[in-house]
Amino acid sequence: MAFYRPEQGMQSHLAALIDRLADDGRPGLHDQISVTWVRYDGSSPTSGSGMGAGWSDQKQRYPASVVKLIYAVAAEHWLQRDLIPDSEELRRALLDMLADSSNDATGLIVDLLTGTTSGPTLRSPFREQWEQQRFVVNDWLQTFGWPELEHINCCQKTWGDGPYGREKAFYRGDNSNRNALCTAAVGRMLEAVMTDAVLSPPACQRLRDRLLRSLDLTARAADPENQVDGFLGGGLPPKSLLWSKAGWMSEARHDAAWWMVEDQPPTLLIVFSEGRKQAADEALLPKIAKALVAYQAI
């Protein structure tokens with residue numbers, strides 16, 4: 001059961017769009033992409049009020065930096081419950097994690113959420129205790145009772161060069177313990193943030209403030225890592241409002257976005273694309289966003 005009302009016209013349009021993109025020099029795209037697309041009826045939607053469509057939206061994929069959205073929601077929840085102390089340094093890390101996608105800031109947030117730190121490989125029983133603590137975000141997510149969250153995994157930090165020591169061991173030898181999310185899970189969480197359905201309104205507003213992106217061309221040119229160019233925001237009209245969190249690495253190009261185009265109701269779009277060719281394709285995500293904006297304008 002999706003968190004939105006399935007709409008056949010949207011589903012057919014999405015499938016046809018993926019067919020066209022695959023035929024346009026992207027062989028294998030059908031198996032390398034996941035999409036969750038939701039449209040809303042009014043300017044102030046509530047959670048679960050949208051109609052939408054999906055493509056492989058329950059398939060677990062490595063989320064890259066999109067997982068930082070989950071960690072940010074968790075941090076605000078921990079703060080609400082007084083599980084971690086508030087501080088200027090925490091607020092700075094939360095901003096840098098979402099606005100600039102800082103891996104260093106994310107490492108601090110994961111340490112605070114789980115009560116763990118990186119370091120040399122551990123021996124029993126300390127290794128098992130450390131690993132149990134690193135699963136606390138997963139344990140918290142299961143308390144939501146959302147079917148989209150049943151098979152996710154959010155227990156790893158994000159890296160530039162990669163994990164070492166106990167962090168490397170925690171990935172397991174076959175990388176089977178990597179972070180994993182589906183676009184439906186990310187979509188439901190982003191919708192909850194945007195509609196005040198997951199935390200207090202002030203906490204959700206803080207998250208939205210950190211997710212807000214500028215579409216101004218001058219500002220984007222001054223920030224090559226703006227999370228707009230090469231991602232969904234790159235396909236939006238310049239006067240749109242955009243809240244998003246992108247993820248990009250050598251084998252993935254993802255984005256989770258909520259936007260408002262002129263006077264139209266909001267749109268939620270989550271796209272995960274995998275493979276080295278898709279990761280290097282700066283046109284794919286903007287083309288998807290542009291095509292779906294055009295559909296909604298009909």
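Quantities reported herein were computed from a predicted structural model and do not represent experimental measurements.

### A word on the overall build of the protein chain
Thought 1: If you tally the helices and strands in the protein chain, you get 13 helices and 7 strands.
Thought 2: Computed over the C-alpha atoms, the radius of gyration of the protein chain is 19 Å, within 12% of the 19 Å expected from 2.2 N^0.38 for a compact globule of 298 residues.
Thought 3: Counting only C-alpha atoms and orienting by the principal axes, one finds that the protein chain spans roughly 60 × 45 × 40 Å.
Thought 4: Within the protein chain, one finds 31 positive and 38 negative side-chain charges whose respective centroids are separated by 3 Å.

### Some points on the packing of helix α3 (residues 67-80) against helix α5 (residues 103-114)
Thought 1: Their axes nearest at 10 Å, the elements α3 and α5 cross at an angle of 45°. The orientation of α3 with respect to α5, classified from their angle, is oblique. For the pair α3 and α5, the crossing hand works out as left-handed. Two secondary-structure elements touch here, α3 through Lys68, Tyr71, Ala74, Ala75 and Trp78 and α5 through Asn103, Thr106, Ile109, Val110 and Leu113.
Thought 2: Residues that form the contact of α3 with α5 fall into these classes: 7 nonpolar, 2 polar and 1 charged.

### Focus on the pairing of strand β3 (residues 51-55)
Thought 1: Extensive coverage of β3 is indicated by the burial of 5 of its 5 residues.
Thought 2: Residue alternation in β3 divides its side chains into two sets, Met51, Ala53 and Trp55 and Gly52 and Gly54, and both sets are buried.
Thought 3: Direction of pairing for strand β1 (residues 5-6) relative to β3: parallel, over a ladder of 2 bridges. If you follow Arg5 over to β3, its bridge partner there is Met51.

Conventions adopted
Residues numbered from 1 in each chain as written. Predicted model: local features only at pLDDT ≥ 70, side-chain atom pairs only at ≥ 80, totals over all residues. Heavy atoms only, no water. Helix = DSSP H or I, 4+ residues; strand = E, 2+ residues; numbered from the N terminus. Rg over C-alpha atoms; globule rule 2.2 N^0.38 Å. Lys, Arg positive; Asp, Glu negative; His and termini not counted. Charge placed at Lys NZ, Arg CZ, Asp CG, Glu CD. Axes fitted to C-alpha atoms, helices over the stretch in contact; angles between N-to-C directions. Parallel < 35°, antiparallel > 145°, perpendicular 65-115°, else oblique. Left-handed = near helix turned anticlockwise from the far one by under 90°. Contact = heavy atoms within 4.5 Å. Nonpolar A, V, L, I, M, F, W, Y, C, P; charged D, E, K, R; others polar. Buried < 20%, exposed > 50% of the residue type's maximum accessible area, 1.4 Å probe, protein only. Pairing = 2+ DSSP bridges.

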